[in-house]
Amino acid sequence: MRLHRLTVSAFGPFAGSESVDFDALAAGGLFLLRGATGAGKSSVLDAVCFALYGDVPGTRRANRLRSDHAEARRLTEVRLELTLGGRRLQITRLPEQRRPKKVGTGTTVERPQTLLREWAADAGDGTPGWRAVSKSHQEAGEEIHRLIGMNREQFCQVVLLPQGDFARFLKGDSEERGKLLRRLFDTERFQHVEGWLAEQRRVQEAAVQAGRRRLRDLASKAEQAAGPGAEPAEGWVPAEDDAADLTAGVLGWAAILRSGAAEQFTVAGEALAGAEEAQRAAQGERAAAEELAGRQHRHRQALLQADRLAAFEPEAARDGRRLAAAQAAVGVESALRLHEGAAEAHRRAREAERRHREVLAGEVLAGGAGSAAAGGPALADAGAAELAEAERGLRAGLVRLEAAGAEERRCAELAREQRSLDEERRRADELAEEAEDWLAEYDERLGGLQEEQTRARAAGVLVEQLDDRRVELSTRLDAARERDGLRAEIAAAEPRAAALRTAALDAREYGLGLRERRLAGMAAELAEQLRTGEACRVCGSPEHPAPAESADGRVGADDEERAGRAQAVAEQAWTAADQALTALRVREATATGAAGPEGADALAQALAELDREHREALHSAEALGRVEQEIARLSADQDRRLAELREARERAAVRTDRLQALQHEQHELAARVAAARGEAASVAARAAALERLVERVAAVAEASRACAQTLSRLGDAEGELAGAAAAAGFPSPEEALAVLLPRAERERLAARLERHRTESAAVRHELALPDLAAAAARPPVDLSAAAAALGAATDRLGRAHAARSAAAERCAALASIGRQLAGLAAELAPALARYGRINRLAALAAGTSTENRLRMRLESYVLAARLEQVAAAASDRLVRMSGGRYTLVHSDDRGTGNKRSGLALRVVDAWTGTERDTATLSGGESFFASLALALGLADVVTDEAGGMPLDTLFIDEGFGTLDEQSLEEVMDVLDGLRERDRAVGIVSHVADLRTRIPAQLLVRKGRRGSTLALAGREDA
């Protein structure tokens, strides 16, 4: 990272717009920032940090950066140009601030703004310039952080080198060093590892505790299931802190409980078998007693039933005589029922005939069609023969009306057909008229399309011509752009070639000068080879009274050789640049010849105009296909319209002839239909009225015939009734009817007599059974005693069943709990192993384990490794600053009290060979030790951030504590930084630095704000 230019406006103490050219300021490698106290030297560093990160070091926030001296309408702005990762960037930031409203009075809040731009060879218009990268705070911040590789805290600590902080870092304790190292090296991930391990330990411990609770629950369940007489769980369940083997004792205790439960189950089974045998014996005794009591009861009931049946015998004899007389009269009942049915049928037939004759009389009186032909009003009183004759005449009239109805329907169909033919003839006339109108416009349409076809063909020829011109212009435009680009390259290459030529000439001149200086000092070079007593190679004398002495800056052969190599390199670079420039000029001349005299803009404009003409001509030419299709479609439409015209005229003529034939047929049919219809509204209406009359006549005739038939059947029924009474032995039908009983009553008497005979036989059979007689002779049975004995046996059996079931449930419960305990033991084994491992790791990472001898946390261990690297890098410079006396080393010693170890720093004094605390260093020694520590930390953080080279550093104050010798040694170290192509800015008030560092940035303060200016040693 190298800074180029910083511009601030209304920022901090700077009321106006101030600019710093770091390229000019840092040309010599070292530069000094000086000025009065409070002038704003640190504000320059704040502006750099604000431009990069949108915030400043320390506790000052961005909304306090606006200058109190600035005009109200001047916005606070910081712009920084720098090179990051080989990219030239420009960062512009405006913090949130208040400004006057553009309209009206008062102020408004200006939102913060960020603009990131990059220098590009082509900024979008073909020329080099700034190209916008992002206007987003977040995107710009992420891009800058990616290129620098450090966050704000790391940048402020590594690039700005705040000496006060490093003095505290040097002499502070482990906690203070840890805070700074955590910010710089981002060891939060190791804190997360420690937290994760602690959390995993809590999780695993919770799992073990949950297993212990489940174990206690299962032991309680087992103790409860085993019953009050079992061995208690005390002494078998492990204690709270016993994590070695939680289940071994409990599993043995559970096995003892299962063994006792099995013995109890065996005893309960034997008791159940004895209770079952006693209950079966009691059941047998109860069954025998119940059987004897039942026989005695049956004998008593049979005696009572025999007495009741004997008392019913007289009534049964009377019912038998009554039933015999009623059954004798049954033969008369059927004849009587037949006579009553015939009389009822004759009555209904007479009533039906009367109703039908009244309806027929009403129809005749209403004057219905055909009533006169049927006989008029006398028809209602006619006999059956007359009615039949009238029905035949009326049906013949219906047949004739059916033919007339068909003719009437044909007339309606002819009318509908005439209307349809008339509509079809009208549509045919309209279609013919439409076709004639279209054919009248055909010639005009065809002429217009043919003219458009001619224009499209001419446009197609023009397109081919314009294509050739476009190719030519495109080639010339490419050549013109190549010519302009080559001219720009030539313009950029000419100064470089000239500079290389000057450098080559300077190298040649320098080499010649060195040769002349060597020749001039050749005597001294030969004098150095003289030895006492040896002959001189020039004069041959063994004495050398006054050998030449070498002057300051004597040139040797190595110097001359190096100058020759530098001259060859410079001349080779000049030759290569000159050849490349010549090649560019040749290409430029070729492109100029191909492009012609016109410029690229003129050619581009001409090509654009030609493109426009080409698009218009192409659009017109593309219409040729459409026009030809329309002409073909128009011709096809003409043929179709002519065919439609012929077809429409033919269809109209056919429809006209058909209409005339239909009108003639309709006229003839209408006359016949009018004669058949008579006075009725239509033939169908007259036929419907005649059909109703036919139905009425037919109904009266049928009713008359039915009445005569029922009268004949009634006479036959009266004769059959008299014959049936005589056959049954009754003088008359009336006497037979007197003793006749209803069928239900007869069936009831028969069933009653049959039931009496059946019950009498059953009682006689029951009393004749020997076992009932034997049971009746024995004493009465005591059923309550047998029931009580059976109840006692059943109760005993129930208790035995309950005891055996309880024993079985106890065995099953203990077996289930045993399986659960075994499963829990298998489940807890890996959990206990995991808990042991994670507990050990967590304690080791937290520094609380006895295995961690230094009680060092994981994060402190990582920071200690970084601190070792920092101490080693710092010692490389501290040795030079202290004249080889001091080095810094990292120490793992534990602090006082309960403080943990890992981040201690010690200084090794080479003069005394002792190692002591950094707090024992003097003020000047503390300064260069702090500076060495800061530079060492900068190197380590830079490597940690990805190796981004830091070409610009700032050192803020601290040089006033150094003596002259220490200052010389510190400046040697800083010169070493400069030799590594770094620019080092020093912020200091020390007067000696003003004479040692020629490049200076002077910060002047005044009543209207501070200003910046470049100053040299003469301004000191």
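Please read these numbers as outputs of a predicted model, since none were measured by experiment.

**Student:** For this particular structure, what's the right way to read the overall build of the chain?
**Tutor:** A count of helices and strands for the chain gives 25 helices and 16 strands. Among the 1020 residues that make up the chain, the fraction classed as buried is 38%. Partitioning the contacts of the chain with sequence separation of at least 6, the portion at a separation of at least 24 is 74%. For the chain, the accessible area works out to roughly 56,700 Å², and carbon and sulfur atoms hold 52% of it.

**Student:** So what exactly am I meant to see when it comes to the nonpolar core here?
**Tutor:** Nonpolar side chains in soluble globular proteins tend to end up buried together. Core analysis: the biggest nonpolar cluster contains 46 residues, and Leu6, Phe31, Leu52 and Leu82 have the highest contact counts within it. With 9 residues, helix α2 (residues 41–53) is the single largest residue contributor to this core. Phenylalanine 31 has contacts with Phe22, Leu25, Ala26, Phe954, Ala983, Val984, Gly985, Ile986, Ile997 and Ala999, leaving out every residue within four places of it along the chain. Formed by 34 residues, the second largest nonpolar core is a distinct cluster that contains Val870, Leu903, Met971 and Val984.

**Student:** Please clarify how the sheet that holds strand β8 (residues 113–120) should be interpreted in this entry.
**Tutor:** What holds strands together in a sheet is hydrogen bonding between their backbones, with the strands either parallel or antiparallel. Strand order in the open sheet formed by 6 strands is β2-β1-β4-β5-β8-β9, and the pairing between neighbours is antiparallel. With partners counted over all chains shown, the strands left at the sheet margins are β2 (14–21) and β9 (129–134), one partner each. Strand-to-strand twist across the sheet, computed as the mean angle between neighbouring axes with direction ignored, equals 20°. One ladder, built from 7 bridges, connects strand β1 (residues 2–11) with strand β4 (residues 77–84); its direction is antiparallel. Bridge pairing in β4 links arginine 2 to threonine 83. In the packing of α2 onto the sheet, the strands contacted are β1, β2, β4 and β5 (87–94), and the crossing angle to β1 comes to about 100°. Relative to β5, helix α3 (residues 137–148) is tilted by about 140°, and along the sheet it contacts β4, β5, β8 and β9.

**Student:** For this particular structure, what's the right way to read the pairing of β8?
**Tutor:** When a strand is regular, its side chains alternate between the sheet's two faces. Of the two faces of β8, the one lined by Thr114, Leu116, Glu118 and Ala120 is fully buried and the one lined by Gln113, Leu115, Arg117 and Trp119 carries no buried residue. As paired strands, β5 and β8 are joined by 6 bridges and run antiparallel to one another. Each bridged residue has a counterpart across the sheet, and for leucine 94 the counterpart in β8 is glutamine 113. Looking at chain direction, β8 and β9 are connected through 5 bridges and run antiparallel. Within β9, the residue paired with glutamate 118 across the bridge is arginine 131.

**Student:** Is there a simple way to think about the pattern of salt bridges in this case?
**Tutor:** Enumeration according to the criterion identifies 29 salt bridges in this entry. The closest approach of N and O atoms between glutamate 77 and arginine 79, which form a salt bridge, is 2.7 Å. Accessibility expressed as a relative area gives 21% for glutamate 77, which makes it partly exposed. Under the relative-accessibility criterion, arginine 79 is labelled partly exposed at 29%. Between glutamate 423 and arginine 426 there is a salt bridge, and its shortest N-O distance comes to 2.1 Å. Highlighted residues: glutamate 423 and arginine 426, both in helix α12 (residues 384–440), separated by 3 residues, approximately one helical turn.

**Student:** Help me understand helix α22 (residues 858–881), please; the structure alone is not making it clear to me.
**Tutor:** Along an α-helix, residues three or four positions apart point the same way, because every turn accommodates 3.6 residues. With 24 residues, α22 ought to run about 34 Å at 1.5 Å a step, and its terminal C-alpha atoms sit 34 Å apart, in line with that. Where α22 bends most, at serine 875, the angle is about 30°. Positive backbone phi, approximately 65°, marks glycine 883, located one or two places after α22.

**Student:** When you look at the packing of aromatic side chains in this model, what are you seeing that I'm missing?
**Tutor:** Given two aromatic rings, one states the distance between the centres and the angle between the planes to describe the pair. Applying the stated criterion to the full structure yields 3 aromatic pairs. Where phenylalanine 11 meets phenylalanine 50, the ring centres are 6.1 Å apart and the plane angle is 35°; that geometry is what we call tilted. Highlighted residues: phenylalanine 11 in strand β1 and phenylalanine 50 in helix α2, separated in sequence by 39 residues. Given a relative accessible area of 2%, phenylalanine 11 falls into the buried group.

**Student:** I tried to follow unusual backbone geometry on my own but got confused; where do I start?
**Tutor:** Comment: phi is negative for the bulk of residues other than glycine, and the bulk of peptide bonds are trans. The backbone of alanine 10 sits at a positive phi, close to 55°, despite the residue not being glycine. Inspection of the secondary structure assignment puts alanine 10 in strand β1.

**Student:** Could you clarify how one ought to interpret the pairing of strand β11 (residues 904–909) in this entry?
**Tutor:** Bridge count between strand β10 (residues 886–891) and β11: 6 bridges; the pairing is antiparallel. Note that in β11 the partner of valine 889 across the bridge is arginine 906. Where β11 hands over to strand β12 (residues 914–917), the hairpin turn is made up of 4 residues, of which glycine 913 adopts a positive phi near 75°.

**Student:** Hey, could you run me through the side chain of glutamine 453 in this one?
**Tutor:** Here glutamine 453 is to be found in helix α13 (residues 442–520). Those residues in contact with glutamine 453 that sit more than four places away from it in its chain are Leu624, Val627, Glu628 and Ile631.

**Student:** Looking at this structure, how should I read the environment of leucine 431?
**Tutor:** With respect to the helices and strands, the residue leucine 431 is situated in helix α12. Taking C-alpha positions, leucine 431 is 9.5 Å from arginine 641, a pair spaced 210 residues apart along the chain. Setting aside residues no more than four positions away along its own chain, leucine 431 makes contact with Glu644, Ala648 and Arg651.

**Student:** Whenever I open this one, the environment of leucine 753 confuses me. Can you help?
**Tutor:** Following the sequence through the fold, leucine 753 ends up in helix α19 (residues 743–767). Once the C-alpha coordinates of leucine 753 and glycine 320 are considered, the two residues, 433 residues apart in sequence, prove to be 7.4 Å apart. Leaving out residues up to four positions away in the same chain, leucine 753 has contacts with Ala316, Asp319, Gly320 and Leu323.

**Student:** Is there a simple way to explain helix α15 (residues 557–595) in this structure?
**Tutor:** Here α15 contains 39 residues, and its C-alpha end-to-end distance of 57 Å stays within 8% of the 57 Å for a straight helix at 1.5 Å per residue. Inspection of α15 places Glu560, Ala563, Gln567, Ala570, Ala577, Leu581, Leu584, Glu588, Ala591 and Ala595 among the buried residues, and these make up the whole buried set. Of the residues one or two after α15, glycine 596 is the one with positive phi, at around 85°.

**Student:** Please clarify how the sheet that holds β10 should be interpreted in this entry.
**Tutor:** Strands sit in the order β10-β11-β12 across an open sheet of 3 strands; the sheet is antiparallel. Since the sheet does not close on itself, it has two edges, and those belong to β10 and β12, each with one partner. For this sheet, the mean inter-axis angle between neighbouring strands, taken without regard to orientation, is 35°. Across 4 bridges, the pairing between β11 and β12 is antiparallel.

**Student:** Would you take a moment to explain the environment of glycine 54 for this structure?
**Tutor:** Tracing the chain through its elements places glycine 54 in the loop between α2 and β4. Separated by 59 residues in sequence, glycine 54 and glutamine 113 place their C-alpha atoms 9.8 Å apart.

**Student:** Explain the confidence of the model for the chain to me, please; I cannot follow it from the model alone.
**Tutor:** Detail in the predicted coordinates should be disregarded across regions flagged by low pLDDT. For the chain, per-residue confidence averages 75 on the pLDDT scale, and 76% of positions sit at 70 or higher. Per-element averaging of pLDDT across the chain places helix α11 (residues 371–374) at the bottom with 48 and β5 at the top with 92.

Parameters and conventions
- Residues numbered from 1 in each chain as written.
- Predicted model: local features only at pLDDT ≥ 70, side-chain atom pairs only at ≥ 80, totals over all residues.
- Heavy atoms only, no water.
- Helix = DSSP H or I, 4+ residues; strand = E, 2+ residues; numbered from the N terminus.
- Buried < 20%, exposed > 50% of the residue type's maximum accessible area, 1.4 Å probe, protein only.
- Contact = heavy atoms within 4.5 Å.
- Areas by Shrake-Rupley, 256 points an atom, 1.4 Å probe, with all protein chains shown as cover.
- Core = buried A, V, L, I, M, F, W, Y, C linked by side-chain atoms within 4.5 Å.
- Pairing = 2+ DSSP bridges.
- Axes fitted to C-alpha atoms, helices over the stretch in contact; angles between N-to-C directions.
- Salt bridge = Lys/Arg side-chain N within 4 Å of Asp/Glu carboxyl O.
- Expected span 1.5 Å × (residues − 1).
- Bend = angle between axes of the 7 residues up to and from the residue.
- Phe/Tyr/Trp six-rings, centres within 6.5 Å; stacked < 30°, edge-to-face > 60°.
- pLDDT = per-residue confidence, 0-100.

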